[in-house]
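# Structural overview
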Amino acid sequence: QVQLVESGGGSVQPGDSLRLSCAATGRAVRTYTLGWFRQAPGKEREFVGGVNTWVRGSGYFGDAVKSRFVPFRDNDKNAIYLELFDLKPDDTAVYYCAADDNGNSQSRNADDFEYWGQGTQVTVSS
């Protein structure tokens, strides 16, 4: 079992950038597929991007942010990160990291991820 804790969110202005962090304990991140999701009030949870065990240094992406957000992992720190660029008000949401026991996954479906962090809030406003 792995435990995930997100951090790095905050309140920013449109056009700003952020780096979100997700620290893992209990198991090695390198054995999991890791994904980032977000959920805004009144909206469905949507996939942002993920990194599996064979995509090293980059990831696979959803359509929601059109590749403005880039996930990557650091196995030495046992963490996954999400770089957010050119933030827009519609990006306001709680951002979650999640882990899938299937290290070969390319899933964009939240139901395929067994472990979840508590989320970190990103608020984009002028």
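For the structure given in this document, a descriptive report is provided here. (Residues numbered from 1 in each chain as written. Predicted model: local features only at pLDDT ≥ 70, side-chain atom pairs only at ≥ 80, totals over all residues. Heavy atoms only, no water.)

## Here's the deal with the overall build of the chain
- When helices and strands are counted, the chain shows 0 helices and 11 strands.
- Counting helices and strands in the order they occur from the N terminus, the chain gives β-β-β-β-β-β-β-β-β-β-β.
- Relative to the 2.2 N^0.38 estimate, which gives 14 Å for 126 residues, the radius of gyration of the chain is 13 Å and therefore close to what a compact globule would have.
- With respect to the three principal axes, the spread of C-alpha positions in the chain is 40 × 25 × 25 Å.
- Looking at the chain residue by residue over its 126 residues, the buried ones come to 48%.
- Roughly 6300 Å² of accessible area belongs to the chain as shown, and the carbon and sulfur atoms make up 44% of that amount.
- Averaging the locations of the 13 positively and 16 negatively charged side chains of the chain gives two centres separated by 4 Å. (Helix = DSSP H or I, 4+ residues; strand = E, 2+ residues; numbered from the N terminus. Rg over C-alpha atoms; globule rule 2.2 N^0.38 Å. Buried < 20%, exposed > 50% of the residue type's maximum accessible area, 1.4 Å probe, protein only. Areas by Shrake-Rupley, 256 points an atom, 1.4 Å probe, with all protein chains shown as cover. Lys, Arg positive; Asp, Glu negative; His and termini not counted. Charge placed at Lys NZ, Arg CZ, Asp CG, Glu CD.)

## Examining the nonpolar core
- Residues L4, W36, F69, L82, L84 and Y95 are the most contacted members of the largest nonpolar core, which totals 27 residues.
- For this core, the elements supplying multiple residues, two or more each, are β3 (18–25), β4 (33–39), β5 (46–51), β8 (79–84), β9 (93–100) and β11 (120–124).
- With 5 residues, the next largest nonpolar core counts F37, Y60, A98 and F113 among its residues. (Core = buried A, V, L, I, M, F, W, Y, C linked by side-chain atoms within 4.5 Å.)

## Focus on the environment of Q106
- Residue position: Q106 is located in the loop between β9 and β10 (115–116).
- Residue classification places Q106 among the partly exposed positions, given a relative accessible area of 44%.
- Remark: the alpha-carbon pair of Q106 and T33, spanning 73 residues in sequence, is separated by 7.8 Å.
- When neighbours within four sequence positions are excluded, Q106 is seen to be in contact with N52, W54 and Y60. (Contact = heavy atoms within 4.5 Å.)

## Overview of a negative patch on the surface
- There is a patch of like negative charges on the surface, built from D101, D111, D112 and E114.
- D112 gets classed as partly exposed once you look at its relative accessible area, which sits at 35%. (Patch = residues over 30% accessible without salt bridge, like charges linked within 9 Å, V, L, I, M, F, W, Y side chains within 5 Å. Salt bridge = Lys/Arg side-chain N within 4 Å of Asp/Glu carboxyl O.)

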